[in-house]
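What follows is the residue order along each chain.
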Amino acid sequence: MSTENIDIEPDSTDQIEIIYEDEFLVAINKEAGLLVHRSWLDKGETRFAMQLTRDAVGCHVFPIHRLDRPTSGVLLFAKSSAVARILTEAFTAHEVSKQYIAVVRGFMPKQGSIDYALSFQPDAIADKFADWDKPAQEAVTHWQSLAQVELPFAVSKKHDTSRYSLVRLTPETGRKHQLRRHMKHVFHPIIGDTSYGDIRQTRFFRNHYDCTRMLLHAQTLALNHPITDEPLLLKAGLDDQWMRILEAFSWVESIEA
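Note that the structure is a prediction, hence the values are computed from the model and not measured. (Residues numbered from 1 in each chain as written. Predicted model: local features only at pLDDT ≥ 70, side-chain atom pairs only at ≥ 80, totals over all residues. Heavy atoms only, no water.)

1. Re the nonpolar core
Okay, so step 1: Ranked by internal contacts, the top residues of the largest apolar core, which has 27 residues, are F77, L169 and L216.
Okay, so step 2: For this core, the secondary structure elements donating two or more residues are β2 (25-30), α1 (49-57), β4 (72-78), β5 (97-105), β8 (162-171), α3 (178-185) and β9 (216-224).
Okay, so step 3: Tallying contributions element by element places α1 first for this core, with four residues.
Okay, so step 4: Discounting chain neighbours no more than four positions away, the residues touching L216 are T71, S72, Y100, I101, A102, L169, L179, R180, I190 and W242. (Core = buried A, V, L, I, M, F, W, Y, C linked by side-chain atoms within 4.5 Å. Buried < 20%, exposed > 50% of the residue type's maximum accessible area, 1.4 Å probe, protein only. Helix = DSSP H or I, 4+ residues; strand = E, 2+ residues; numbered from the N terminus. Contact = heavy atoms within 4.5 Å.)

The structure is reproduced here in structure tokens:
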């Protein structure tokens, strides 16, 4: 598995893409490579989703959930601690539906589920006082294969061609790095994942498609509004690197379907 790092640099501007806002909530389309908030582990960083969102809307915001640094897509904030508590309870009660898209190595079956418990992965700073000996936590991910492609390139020494799948991933639980770890577990690692992926595939996509990011995107977030209780569907568009891959593999219609 890869330990190679790919430098992912967010847009140098201080703009953030807001996809939804009202007096209670704000949702953004987080860039790949952008941290959600300040961390002692990344002291050199100067741009954070939380601060950029706060500056854009003119008030303090409260993060409701997290996205890994290399993952792009829907990221939700509350504008008050009271609304944040309601939303946190909704996430805990599994009343929020999240769907991701990813490009993975190999051909995946049409659909299925991964029920595989994941060991606790503590953060050296955030989990300093946590119980590091926690038992493995239940983790369930459902997948749907949207499209496949076979390329005439021998990225692996074992095969003369290379196969890839475009998949929709729906996590039922929210464990740390769940989707990335589950895809590794079933031998279909996410392309561009430098922690759990395949270094040869990462290099191939970088060299042939100028793809320097992990191909995992939080596409939709569905929930009931915490104040009005009306259904709310938040959707984040894809960046240039994603679109370049979709066009190269003739997958654009598969995403739009």
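After that view, the rundown keeps rolling.
2. Quick look at the packing of aromatic side chains
Okay, so step 1: Enumeration according to the criterion identifies ten aromatic pairs in this entry.
Okay, so step 2: Measuring from centroid to centroid gives 5.3 Å for F153 and F204, while their planes differ by 55°, and the two rings are tilted. Of the two residues, F153 is situated in the loop between β7 (140-151) and β8 and F204 in helix α4 (residues 199-209); the sequence distance between them amounts to 51 residues.
Okay, so step 3: Here F153 falls in the partly exposed class, since its relative accessible area comes to 32%.
Okay, so step 4: On the accessibility criterion, F204 (7% relative accessible area) is buried.
Okay, so step 5: Measuring from centroid to centroid gives 6.0 Å for F205 and F249, while their planes differ by 85°, and the two rings are edge-to-face. Here F205, found in helix α4, pairs with F249, found in the loop between α5 (240-248) and α6 (252-256); they are 44 residues apart in sequence, far enough to count as distant.
Okay, so step 6: We classify F205 as buried; its relative accessible area is 1%. (Phe/Tyr/Trp six-rings, centres within 6.5 Å; stacked < 30°, edge-to-face > 60°.)

3. Some thoughts on α5
Okay, so step 1: Listing the buried residues of α5 in full gives Q241, W242, I245 and L246. Looking straight down α5, one finds its buried side chains confined to an arc of 135°; they lie on one side. Summarising the geometry of α5, the exposed residues directed more than 90 degrees from the buried face are D240 and E247.
Okay, so step 2: Where α5 begins, the side chain of D239 points an oxygen toward the backbone nitrogen of Q241, at a separation of 3.2 Å.
Okay, so step 3: The first or second residue beyond α5 is S250, which carries a positive phi of 55°. (Arc of directions from axis to C-beta. Polar contact = N/O pair within 3.5 Å; in protein donor to acceptor, adjacent residues only side chain to side chain.)

4. Some words on unusual backbone geometry
Okay, so step 1: Here the phi dihedral of H94 falls at roughly 60°; this positive angle occurs in a residue that is not glycine.
Okay, so step 2: Of note, H94 is situated in the loop between α2 (81-92) and β5.
Okay, so step 3: H94 sits in the exposed class, given a relative accessible area of 55%.
Okay, so step 4: A positive phi angle, close to 70°, is found at D229, a residue other than glycine.

5. Notes on the environment of S145
Okay, so step 1: With respect to the secondary-structure elements, S145 resides in strand β7.
Okay, so step 2: Sequence separation between S145 and V103 is 42 residues, and the spatial gap between their C-alpha atoms is 9.9 Å.
Okay, so step 3: Setting aside residues no more than four positions away along its own chain, S145 makes contact with M108, P109, K110, S165, L166 and V167.

6. Focus on the side chain of T71
Okay, so step 1: Along the chain, the position of T71 falls in the loop between β3 (62-63) and β4.
Okay, so step 2: Beyond its immediate chain neighbours, meaning those up to four positions away, T71 contacts K30, E31, A32, Y100, R213, M214, L216 and A218.

7. Digging into the side chain of K30
Okay, so step 1: Mapped onto the fold, K30 is located in strand β2.
Okay, so step 2: At 7.7 Å, E31 is the nearest oppositely charged side chain to K30, a buried residue that forms no salt bridge.
Okay, so step 3: At 2.8 Å, the side chain of K30 forms a polar contact with the backbone oxygen of L34.
Okay, so step 4: Within polar-contact distance, the side chain of K30 engages the backbone oxygen of D68 at 3.5 Å. (Lys, Arg positive; Asp, Glu negative; His and termini not counted. Salt bridge = Lys/Arg side-chain N within 4 Å of Asp/Glu carboxyl O.)

8. Description of the environment of D198
Okay, so step 1: Mapping D198 onto the fold places it in the loop between α3 and α4.
Okay, so step 2: Overall, D198 belongs to the buried group, its relative accessible area being 7%.
Okay, so step 3: Once the C-alpha coordinates of D198 and R105 are considered, the two residues, 93 residues apart in sequence, prove to be 8.5 Å apart.

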